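Analysis of the macromolecular model
Listed below, chain by chain, are the residues.
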Amino acid sequence: MKSDSDPWAPYVPTSADPWNLEKVAHLQRRAGFAANWSELHRDLKAGPAKSIDRLLHPPPASQKFQRVSDALKNIIESSGSGFMSAESLSPLQSWWMFRMTFGSDPLGEKLTLFWHNHFATSMSGVYNLKLMLDQNELFRKHARGKFGKLLQAIEADPAMLKWLDGGANHKEHPNENFARELLELFTLGEGNYSETDIREAARGLTGWKPGRDTLLHETNEFFYDETLVDTGQKTFLGETGPWRREEIFRIILQQPQAARYLCRRLYRWFVSESIIPDDTLIEPLAIQLRASNYSIEHVVGIILRSQHFFSPAAYWQRVKSPVEFCVGTIRQLEPKRTPNLLPLAALNCDKQGQALFNPPSVKGWDGGTAWLTTNCTLTRINWTTELLNGSQSSGLKAYDPAHWLKEYSLKPTQAVESFSKLLLQNNLNPESAALAQRLADGDQQQFTAALQVLLQTPEYQLA
């Protein structure tokens, strides 16, 4: 994977294809949730190698960040273990939005979001904040690690055992729900297994049962009971033996299609969702994934360093999800932090159709142009209006662009140009650019309107 004709060969800056602000912003949008002014210029100075290495191996979180994150997490953990509906998600969503917006590991959070969508598990089925929190931490722990370990961990995760009925999968009454999604959505994709494989996988994954309290009601704990395991012979994906959990996962990951399927999902997440990559583009990544024992960090590193990632085939080829849009806008503009800032952003994501911890089905969110419905677009506009103009009823202060300019020692005469570089790297249609400039020549209120023009352009909806 080293020749210049290889799309996955590392990108090397040249005078004809320099490392510039557009490439820095592209990297930060895809590997994170967009960058603020100081991060853009830090990475512009550092160059691609150091910038990507920082994303792959981030610095530890600050003590202040960790204290706030722990405090928000304590609120969730103290909420009890009883039944809760999806309407109870606000504390959990705010905690994750805080990590995505202010944390020191944007790639770790972006991968956590990727796994949340890949192994889509919904509060409308689990009904417990603590279990959803623990699953989210599981994704974070294994985000960059070996996919095989993540597979084993998610199969034993209490939220997943509840969601896909793994806790009701016994040798006397095998339940195929988890086995079916394991093959169809999590590892191989449709057309690469048979109905017999689903049944045999379900037999191999038997053994879990829920705990019981003193009144024999089911608890949120699950136990692995050897007496419930089907130890008989099974023929699964062409191999015959007394297969159990470990062997089921081993056999799946031996299938070349497993690596190809996962690489296609990573390609859509990090590179482009507007084209379907052909096998010649995906196979080199799949080979690297298998050779590295399914190391996610290894393959994501290849993608982020590649000349293909920094080519026109990747620029602006994804539609920002509601979470990417809201978190990214806050990260870029750096508004004054108020208690309602992130809960309102999470609520807006919900209204746009992306309620964190409550995906619509086991398939997750469709993404892509599905985020550009009339309702979604109108909801985005309303949120940017509230963010920029403030809202007394919501407790939001109006955004102060003069404060932002002062923080970065920029002159008011540089305002439109600077915000355009920050938000769009000057990738702006002429009509919107002219309108923004015309408004910016007026008073403070009109300048806020100019900012709103930038945030509402078609270009800003893309990543």
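The structure reproduced in this document is the subject of the present report. Sequence order sets the numbering: in each chain, residues are counted from 1 along the sequence as written. Residue-level local features of this predicted model are given only where pLDDT is at least 70; pairs of side-chain atoms are given and counted only at 80 or more, and the full residue set underlies all totals for whole chains, interfaces and linings. With hydrogens and water excluded, all non-hydrogen atoms of the structure serve as input to the side-chain values.

1. Description of the overall build of the chain
Formally: Helix numbering and strand numbering both begin at the N terminus, where a helix is a DSSP run of H or I of at least 4 residues and a strand a DSSP run of E of at least 2. For a compact globule the rule gives 2.2 Å times the number of residues to the power 0.38, and the radius of gyration it is set against comes from C-alpha atoms. A simple rule labels every residue: compare its accessible area, found with a 1.4 Å probe on the protein chains alone, to the largest value its type can have, and call it buried under 20%, exposed over 50%, or partly exposed in between. Any pair of residues with heavy atoms lying within 4.5 Å of one another is described as a contacting pair. A 1.4 Å probe and the Shrake-Rupley method give the accessible areas. Residues count as covered only by the protein chains that appear here.
A tally of helices and strands in the chain yields 23 helices and four strands. Over its C-alpha trace the chain gives a radius of gyration of 24 Å, about what one expects of a compact globule, namely 23 Å for 463 residues. C-alpha atoms of the chain, sized along the principal axes, occupy 75 × 60 × 40 Å. Counting the 463 residues in the chain, one finds 55% classified as buried. The long-range share in the chain, meaning contacts at least 24 apart out of those at least 6 apart in sequence, stands at 71%. Accessible area of the chain: about 20,100 Å², with a carbon and sulfur share of 52%.

2. What to know about unusual backbone geometry
Leaving glycine aside, a negative phi is the common case for residues, and trans is the common case for peptide bonds. One non-glycine residue, Phe357, lies in positive phi territory at about 70°. Tracing the sequence through the fold places Phe357 in the loop between helix 18 (341–352) and helix 19 (374–389). When its relative accessible area of 1% is taken as the criterion, Phe357 is described as buried. Not every positive phi belongs to a glycine, and Gln425 is a case in point at roughly 50°.

3. Notes on helix 18
Condition: In this scheme, a helix's expected span is set at 1.5 Å multiplied by one less than its residue total.
The terminal C-alpha atoms of helix 18 lie 17 Å apart, and with twelve residues this matches the ideal 16 Å at 1.5 Å per residue to within 8%. Within the sequence span of helix 18, burial applies to Leu341, Leu342, Leu344, Ala345, Ala346, Asn348, Cys349 and Gln352. Elements that come into contact with the buried residues of helix 18 comprise helix 5 (90–102), helix 17 (322–333) and helix 19. Gly353 sits one or two positions beyond helix 18 and adopts a positive phi of about 105°.

4. Quick look at the pattern of salt bridges
Pairing is possible between side chains that carry opposite charge, provided their charged atoms lie close to one another. Put simply, the rule is: Salt bridges are counted wherever a side-chain nitrogen of Lys or Arg sits within 4 Å of a carboxyl oxygen of Asp or Glu.
For the structure shown, the criterion picks out 26 salt bridges. Measuring nitrogen to oxygen at the nearest pair gives 3.1 Å for the salt bridge that ties Glu109 to Arg99. With Glu109 in helix 6 (residues 106–118) and Arg99 in helix 5, the pair connects residues that are ten residues apart, well separated along the chain. Using a relative accessible area of 4% as the deciding quantity, one classes Glu109 as buried. The class for Arg99 is buried, based on a relative accessible area of 14%. A salt bridge links Arg250 to Glu239; the nearest nitrogen and oxygen atoms lie 4.0 Å apart.

5. Remarks on the pairing of strand 2 (residues 218–224)
For clarity, the threshold we go by: Note: two strands are recorded as paired if DSSP finds a minimum of 2 bridges between them.
Here four bridges tie strand 1 (residues 208–212) to strand 2, and the two strands are oriented antiparallel to one another. If you follow Lys209 over to strand 2, its bridge partner there is Phe223. The antiparallel pairing of strand 1 with strand 2 creates a hairpin that spans five residues between the two strands, and Leu216 there sits at a positive phi of about 70°.

6. Some points on the nonpolar core
Convention followed: By nonpolar core we mean a set of buried residues, namely Ala, Val, Leu, Ile, Met, Phe, Trp, Tyr and Cys, connected to one another through side-chain atoms within 4.5 Å. Each domain's extent was defined by an automatic or database domain assignment.
Membership of the largest hydrophobic core comes to 136 residues, with the highest contact counts inside it found for Trp115, Phe119, Phe147, Phe270 and Phe419. Here the element with the most residues in this core is helix 14 (residues 256–270); it accounts for eight residues. Viewed by domain, this core spans two of them, domain 1 (165–317) and domain 2 (322–461), each represented by three or more residues. The residues contacting Phe147, other than those within four sequence positions of it, are Trp115, His118, Phe119, Phe186, Thr187, Leu253, Leu262, Tyr294 and Ile296.

7. Some words on the packing of aromatic side chains
Operational definition: Ring geometry is summarised as follows: Phe, Tyr and Trp rings, the Trp one being its six-membered ring, pair when their centres sit within 6.5 Å, and such pairs are stacked at plane angles under 30 degrees, edge-to-face over 60 and tilted between the two. Both a distance and an angle decide whether a charge sits over a ring: NZ of Lys or CZ of Arg must be within 6 Å of the ring centre and within 35 degrees of the ring normal.
Taken as a whole, this structure holds 25 aromatic pairs when the rule is applied. Both rings, one in Trp8 and one in Tyr267, keep their centres 6.2 Å apart while their planes meet at 90°; by these two values the pair is edge-to-face. Of this pair, Trp8 sits in the segment before helix 1 (21–31) while Tyr267 sits in helix 14, and the two are 259 residues apart along the sequence. Note on Trp8: relative accessible area 3%, which makes it buried. One aromatic cluster is present, formed by Phe114, Trp115, Phe119, Phe139, Phe147, Phe178, Phe186, Trp269 and Tyr294 through successive ring pairs. The cationic tip of Arg29 hangs over the ring face of Trp316; the distance from NZ or CZ to the ring centre is 3.9 Å.

Purely geometric stuff here, so don't read any function into it on its own.
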